[in-house]
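Below are the chains, spelled out letter by letter.
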Amino acid sequence: MIRLKNVHKAFGNNAVLNGVDLHVPKGESMVIIGGSGTGKSVTLKCILGLVKPDIGTITVADKDIKDGDRDALLSRFGMLFQGGALFDSMPVWQNIAFRLVQSGVSTDEARALAIEKLRRVGLKPDVADRFPAELSGGMQKRVGLARAIAADPEIIFFDEPTTGLDPIMAGVINDLIREIVVEMGATAMTITHDMSSVRAIADRVAMLHDGTIKWTGTVTEMDTTGDPYVHQFINGLSEGPIAAIR
Amino acid sequence: MIRSATLLLGSTGRAVLNAIGAIGAVALFAAQTIGQIARPPFYWREFVSACITIGYFSLPVVGLTALFTGGALALQIYAGGARFNAEAVVPSIVAIGMVRELGPVLGGLMVAARVASSIAAEIGTMKVTEQIDALVTLSTNPMKYLTVPRVLAATLTVPVLVLIGDIIGIMGGYLVGTSRLGFNAAAYLQNTADFLEFWDIASGLVKGAVFGFIVALMGCYFGMTSGRGAQGVGAATKAAVVAASVLILAANYILTEAFFTA
Ligand SMILES: Nc1ncnc2c1ncn2[C@@H]1O[C@H](COP(=O)(O)OP(=O)(O)OP(=O)(O)O)[C@@H](O)[C@H]1O
Ligand SMILES: [Mg+2]
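Residues numbered from 1 in each chain as written. Chains lettered and ligands numbered in written order. Predicted model: local features only at pLDDT ≥ 70, side-chain atom pairs only at ≥ 80, totals over all residues. Heavy atoms only, no water.

## Let's talk about the overall build of chain A
For clarity, the threshold we go by: Going along the chain from the N terminus, every DSSP run of H or I of four or more residues is numbered as a helix, and every run of E of two or more is numbered as a strand. Throughout, radius of gyration means the C-alpha value; the globule benchmark is 2.2 Å times the number of residues raised to the power 0.38. Whether a residue is buried, partly exposed or exposed follows from its accessible area with a 1.4 Å probe, protein chains only, as a fraction of its type maximum: under 20%, in between, or over 50%, in that order. We call two residues in contact when some of their heavy atoms are within 4.5 Å. Per-residue accessibility takes into account occlusion by the displayed protein chains alone, with areas from the Shrake-Rupley method and a 1.4 Å probe.
Within chain A, the secondary structure is distributed over ten helices and ten strands. A compact globule built from 246 residues would reach a C-alpha radius of gyration of about 18 Å, and chain A, at 18 Å, matches this within 12%. Per-residue burial for chain A yields a buried fraction of 53% across its 246 residues. Contacts spanning at least 24 positions in sequence make up 63% of the contacts within chain A whose residues lie at least 6 apart. Here chain A has roughly 10,700 Å² of accessible surface; of this, 51% comes from carbon and sulfur atoms.

Take a look at the structure:
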């Protein structure tokens, strides 16, 4: 479904991606792990076309993302941004139903759908009329998640969906992501630092380090692999090939 | 000696190149904005709300500016005119000065201070908090959704503001003229009406439209190109106000030259 070939990206002289190769088959839940600042968010943004790779090709359903109608392509995607990226000029329900309202769905219908999505991310209906600035960080994250899944996209990206949530809420969100992949057959890419989240939602795991994918495999393989990077990362060791200062 | 000369040349050259690059980028941005206006979809709700924030909410500040300027203008022209026994020109000069020059320029500058800054800060914040990226992923073109409504709203509402400012400014002159300078009320108004020509007013409104376009365009451009973080937004806001003000004054000279020298 999604294929990255030899993707390079540098910001000025800060080379972030140095030849990323990655394949996510249709209907699979891929989790990307890797240290802070290694370019996980940049990778997702490259696929969405928000960041233009310097070298390399990215295809979605065998079509290069640079070709064809960009809006049509993006209408197949849902994205939860790391920082939420909620529109602070509009209430929560309009954030969630943004795409629907723009495509001409009636206000009542859009609002009802927004409230339904709020329920799925564990928020009460009265949140609908509040503004993003009035919500806690974890609530904002969940509203962002509701917005990402609102239009039932085929492909969903979650950038740290459970960061800043309490363990119970994190469990609810993990279940939700799993459910979206299994029941709706969506293809998902999730970035997370939370190992319980990795185990709950991943079909496959990819480890990004030094601008390349160092390792990919299933969760079971992740626990038994001899790869020193993965071993250090999943066990949270300060000693190993990944320097603590980056 | 030669070394420092080359250094100086080099840095001057770089500054010139940067300036040319910036002008090119702004021109491209303007062309893109205009190119997007006619292409659907058009975001009516954004447009109406931009008209209200840019036009309606600027009324008090533009009105007050015009009122005091008209009053001060009457005092100055009276004092200046007295030097060659021409106090009688006060009503017509106040009117012409207001509608041709001070109404649009001061109105434009006040709108630049109020609107260019707020647009740049709003869009800049959206940029640094990834809201612009979010718009794109929701299949919405930020140029169409954010820039076009604001630029169109400013281009259409600033002339209206200028017209209202003209009327209030002339009224300011009238109030000072009749209460402080001993003009007869009816004669003052008659004199104003007799000497004011249609093109005087229309030229000021055209200036207003151009200034409105400049203000919103600068706000959007610097917002969209804002650097990262709070510092980036602060710098974008300052740059938007400075660029809008300077461009208004420069455009005013060019338009005046084009309209009134033939
Ligand atoms: N728009 C940008 N301009 C300049 N540099 C950027 C930009 N976006 C990201 N970077 C740089 O790219 C690098 C990777 O950033 P990215 O956000 O992808 O990290 P990450 O892997 O998501 O980290 P985290 O786990 O902390 O979110 C960082 O060094 C960052 O400074
Ligand atoms: Mg990140």
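## Remarks on the site of ligand 1
Counted only if it meets this: Near residues are defined by distance, with any heavy atom within 4 Å of the molecule or strand qualifying the residue. Here a polar contact is recorded for every N or O atom pair within 3.5 Å, except that within protein the pair must consist of a potential hydrogen donor and a potential acceptor, and residues adjacent in sequence are included only if both atoms are side-chain atoms. For this classification, the nonpolar set comprises Ala, Val, Leu, Ile, Met, Phe, Trp, Tyr, Cys and Pro, the charged set comprises Asp, Glu, Lys and Arg, and every other residue, Gly included, is treated as polar.
Around ligand 1 there are 15 residues in total, and Ser36(A), Gly37(A), Lys40(A), Ser41(A) and Gln82(A) lie nearest to it. Here His193(A) contributes a side-chain N or O atom positioned 2.9 Å from an oxygen atom of ligand 1. At 3.4 Å, a side-chain N or O of Arg228(B) approaches a nitrogen atom of ligand 1. In the complex, 70% of the free accessible area of ligand 1, which totals 630 Å², lies under the protein chains. Counting residues per element, the ones that place at least two in the shell around ligand 1 are strand 2 (14–24) and helix 1 (40–48) of chain A. Per-element tally for the shell around ligand 1: the top contributor is helix 1 of chain A, with three residues. Here the shell around ligand 1 is built from residues that sort into three nonpolar, nine polar and three charged.

## Points about the coordination of the magnesium ion (ligand 2)
To be explicit about the condition: Sites may look incomplete, because water is not among the atoms used; the donor set itself consists of N, O and S atoms within 2.8 Å of the metal (3.2 Å for Na, K and Ca).
Listed as protein donors to the magnesium ion (ligand 2) are Ser41(A) (OG) and Gln82(A) (OE1); their distances from the metal cover 1.9 to 2.2 Å. With Ser41(A) in helix 1 and Gln82(A) in the loop between strand 6 (77–80) and helix 3 (92–96), the pair connects residues that are 41 residues apart, well separated along the chain.

## Remarks on the nonpolar core
Residues and elements named next belong to chain A. Rules: The definition of a nonpolar core used throughout is a set of buried Ala, Val, Leu, Ile, Met, Phe, Trp, Tyr and Cys residues joined through side-chain atoms within 4.5 Å.
Ile2, Leu22, Ile47, Phe157 and Met189 are the most contacted members of the largest nonpolar core, which has 87 residues in total. When residues no more than four places from it in sequence are discounted, the contact partners of Ile47 are Ile2, Leu4, Ile58, Val60, Ile65, Phe77, Phe157 and Met189. Val127, Ala186, Ile201 and Trp215 belong to the second-largest nonpolar core, a separate cluster that totals 50 residues.

## Quick notes on the interface of chain B and chain A
The condition is simple: Buried area is calculated as the accessible area (1.4 Å probe) missing from two parts once they are joined, with the contributions of both summed. The salt bridge definition used is simple: a Lys or Arg side-chain nitrogen within 4 Å of an Asp or Glu carboxyl oxygen.
Taken together, the 15 residues of chain B in the interface contact 22 residues of chain A. In this assembly, chain B packs against chain A so that about 1,500 Å² is buried in total across both faces, 57% of it on carbon and sulfur atoms. Looking only at chain B, the three residues that lose the most surface to chain A are Gln131(B), Thr137(B) and Leu138(B), adding up to 36% of its buried area. Summed over the shared surface of chain B and chain A, the number is one salt bridge. Put simply, chain B and chain A have five residue pairs in polar contact (both at pLDDT 80 or more) between them.

## So, the sheet that holds strand 8 (residues 187–191) of chain A
Residues and elements named next belong to chain A. For clarity, the threshold we go by: Two strands pair if DSSP finds at least two bridges between them. Orientation is described by lines fitted to C-alpha atoms, with helices fitted over the stretch in contact, and by angles between N-to-C directions that extend from 0 to 180 degrees.
Read from one edge of the open sheet, six strands run 6-7-8-3-9-10, paired in mixed fashion. With partners counted over all chains shown, the strands left at the sheet margins are strand 6 and strand 10 (212–218), one partner each. Averaged over neighbouring strand pairs, the angle between their axes works out to 15° when direction is ignored. As paired elements, strand 3 (residues 29–33) and strand 9 (residues 204–209) share four bridges and run parallel to each other. From the neighbouring strand, Val31 faces strand 9, where its bridge partner is Val205.

## Things to note about the sheet that holds strand 2 of chain A
Residue and element names in this part refer to chain A. With antiparallel pairing, the four strands of this open sheet are ordered in space as 2-1-4-5. A single partner strand is all that each edge strand has here, and the edge strands are strand 2 and strand 5 (63–64). One ladder, built from five bridges, connects strand 1 (residues 2–11) with strand 4 (residues 55–60); its direction is antiparallel. Considered in strand 4, the bridge of Arg3 is made with Thr59. Sheet contacts for helix 1: strand 1, strand 2 and strand 4; angle to strand 1, the most-contacted strand, approximately 115°.

## Considerations on the pattern of salt bridges
Counting across every chain of the model gives twelve salt bridges over all chains. Measuring nitrogen to oxygen at the nearest pair gives 2.7 Å for the salt bridge that ties Arg111(A) to Asp129(A). Of this pair, Arg111(A) sits in helix 5 (residues 107–120) while Asp129(A) sits in the loop between helix 5 and helix 6 (137–149), placing them 18 residues apart in sequence. Residue classification places Asp129(A) among the partly exposed positions, given a relative accessible area of 46%. Between Lys207(B) and Glu101(B) there is a salt bridge whose closest N-O contact spans 3.2 Å. Here Lys207(B), found in helix 8 (residues 198–224), pairs with Glu101(B), found in helix 4 (residues 90–128); they are 106 residues apart in sequence, far enough to count as distant.

## A short note on the packing of helix 4 of chain B against helix 8 of chain B
Residues and elements named next belong to chain B. Spelled out, the test is: Note that the term roughly parallel is reserved for angles under 35 degrees, roughly antiparallel for angles over 145, roughly perpendicular for angles of 65 to 115, and oblique for everything else. For any pair of crossing helices, the crossing counts as left-handed if the nearer helix is rotated counterclockwise from the farther one by less than a right angle, and right-handed if it is rotated clockwise.
Direction vectors running N to C along helix 4 and helix 8 enclose 15°, while the axes themselves pass 7 Å from each other. Viewed along their axes, helix 4 and helix 8 adopt a mutual orientation that is roughly parallel. Handedness of the crossing formed by helix 4 with helix 8: right-handed. Residues that form the contact of helix 4 with helix 8 fall into these classes: 17 nonpolar, seven polar and five charged.

## Examining helix 6 of chain A
The criterion, for reference: A helix is expected to reach a length of 1.5 Å times the quantity of its residues less one.
The end-to-end C-alpha distance of helix 6 of chain A, which contains 13 residues, comes to 19 Å, matching closely the 18 Å that a straight helix rising 1.5 Å per residue would cover. Within helix 6 of chain A, eleven of the 13 residues are buried, which leaves it mostly tucked inside the rest of the structure. Among all positions of helix 6 of chain A, only Gly138(A), Met139(A), Lys141(A), Arg142(A), Val143(A), Gly144(A), Leu145(A), Ala146(A), Arg147(A), Ala148(A) and Ile149(A) are buried. Residues of helix 6 of chain A that are buried sit in contact with strand 6, helix 3, helix 5, strand 7 (155–159) and helix 7 (167–184) of chain A together with helix 5 (131–137) of chain B.

## Topic: the UniProt feature "domain: ABC transporter" (unreviewed entry) in chain A
We count it as follows: UniProt positions are given in the numbering used here, feature names are shortened, and annotations may be inferred rather than shown by experiment.
In the numbering used here, UniProt assigns the "domain: ABC transporter" (unreviewed entry) feature to residues 2–234 of chain A. Span residues 2–234 of chain A is 38% helix and 26% strand, its end C-alpha atoms 25 Å apart.

## Structural notes on the domain arrangement of chain A
Residues and elements named next belong to chain A. Rules: Boundaries between domains were set according to an automatic or database domain assignment.
Looking at chain A, the domain boundaries give domain 1 (1–76 + 154–217) and domain 2 (88–152). The centre of domain 1, based on its C-alpha atoms, is set 23 Å off from the matching centre of domain 2. Buried surface at the junction of domain 1 and domain 2, both sides included, amounts to about 1,200 Å², of which 66% is carbon and sulfur. When residues of domain 1 are sorted by the area they lose upon contact with domain 2, Met169, Leu176 and Met184 head the list and together hold 32% of the total. Counting every contact that joins domain 1 to domain 2 gives one salt bridge. For Glu179, the salt bridge identified is with Arg120, shortest N-O distance 2.7 Å. On the surface where domain 1 and domain 2 come into contact, there are three residue pairs in polar contact (both at pLDDT 80 or more). Of all the elements in the fold, those that place two or more residues in the side of domain 1 that touches domain 2 are strand 7 and helix 7.

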